[in-house]
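Remarks on the overall topology
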Amino acid sequence: MRTALLLAGCGTSGVNGVPALRAAIGTSLAGAQGKTVADQNKIDRTMAPGCAVKLSTPAECDRHTVASAARRQELK
């Protein structure tokens with residue numbers, strides 16, 4: 001998240017970069033509290049594009065994958 005904020009703040013294109021970043025990452029996270037499988041799906045849908053475009057590091061993506069699997073087991 002910090003990287004996304006830095007990238008958004010350091011660009012020379014002003015707010016023109018925000019729609020592209022939102023389109024790349026998505027807006028699924030809004031309202032997710034991590035209390036249900038549906039919430040975890042929203043979190044995963046937000047994280048996956050950041051991993052795909054290398055906005056997140058491989059280590060961050062790996063940590064998310066492990067944490068998501070553990071949370072899904074807790075929610076069963």
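These lines cover the structure that appears in this document, whether it is placed above or below. Counting from 1, residues in each chain are numbered in the order their sequence is written. Per-residue local features of the predicted model are confined to residues with pLDDT of at least 70, and side-chain atom pairs are confined, for both listing and counting, to 80 or more; whole-chain, interface and lining totals are unaffected and use all residues. Where side-chain values are given, they derive from all heavy atoms of the structure, hydrogens and water being excluded.

Observations concerning the state of the cysteines
Two cysteine sulfurs form what is called a disulfide whenever their separation falls within 2.5 Å. Applying the stated rule across the entire model yields 1 disulfide. Across a sulfur-sulfur distance of 2.0 Å, C51 and C61 are joined as a disulfide pair. One disulfide, between C51 and C61, carries an S-S torsion of -115° and so falls in the left-handed class. Residue C51 is found in helix α3 (residues 37–52), and its partner C61 is found in helix α4 (residues 58–75); the two are separated by 10 residues along the sequence. For C51, a relative accessible area of 22% corresponds to the partly exposed category. With a 1.4 Å probe rolled over the protein chains alone, any residue whose accessible area is under 20% of its type maximum counts as buried; one over 50% counts as exposed, and the rest are partly exposed. Given a relative accessible area of 11%, C61 falls into the buried group. What counts as a helix is a DSSP run of H or I of at least four residues, what counts as a strand is a run of E of at least two, and both are numbered from the N terminus.

Quick notes on the environment of A23
Structurally, the position occupied by A23 is in helix α2 (residues 17–25). For A23, a relative accessible area of 65% translates into the label exposed. It is 9.5 Å that separates the C-alpha atoms of A23 and P49, two residues lying 26 residues apart in sequence.

Examining unusual backbone geometry
A positive phi angle is found at K54, which is not glycine, with a value near 65°. A residue is classified by how much of its surface remains accessible, and K54, at 70% relative accessible area, is exposed.

Overview of the packing of α3 against α4
Two elements in contact, α3 and α4, have axes whose closest approach is 11 Å; the angle formed by their N-to-C orientations is 170°. On the basis of their axis angle, the class for α3 and α4 is roughly antiparallel. Residues V37, Q40, N41, I43, D44, M47 and C51 of α3 form the contact with α4, whose own contacting residues are E60, C61, H64, S68, R71, R72 and L75. Classification used: nonpolar for Ala, Val, Leu, Ile, Met, Phe, Trp, Tyr, Cys and Pro, charged for Asp, Glu, Lys and Arg, polar for all others including Gly. Tallied by class, the residues present in the contact of α3 with α4 amount to 6 nonpolar, 4 polar and 4 charged. For every element, the axis is a line fit to its C-alpha atoms; helices are fit only across the contacting stretch, and the angle between N-to-C directions ranges from 0 to 180 degrees. The scheme is simple: roughly parallel for angles under 35 degrees, roughly antiparallel for over 145, roughly perpendicular for 65 to 115, oblique for anything else. Here a residue-residue contact requires only that any non-hydrogen atoms of the pair lie within 4.5 Å.

Things to note about the pattern of salt bridges
Any carboxyl oxygen of Asp or Glu within 4 Å of a side-chain nitrogen of Lys or Arg constitutes a salt bridge here. For the structure shown, the criterion picks out 2 salt bridges. Here D44 makes a salt bridge to R72, at a shortest N to O gap of 2.6 Å. Here R72 lies in helix α4 and D44 lies in helix α3, a separation of 28 residues in the sequence. Salt-bridge contacts for E74 lead to R71; the nearest nitrogen and oxygen are separated by 2.7 Å. Residue E74 and its partner R71 are located together in helix α4, separated by 3 residues, close to a single helical turn.

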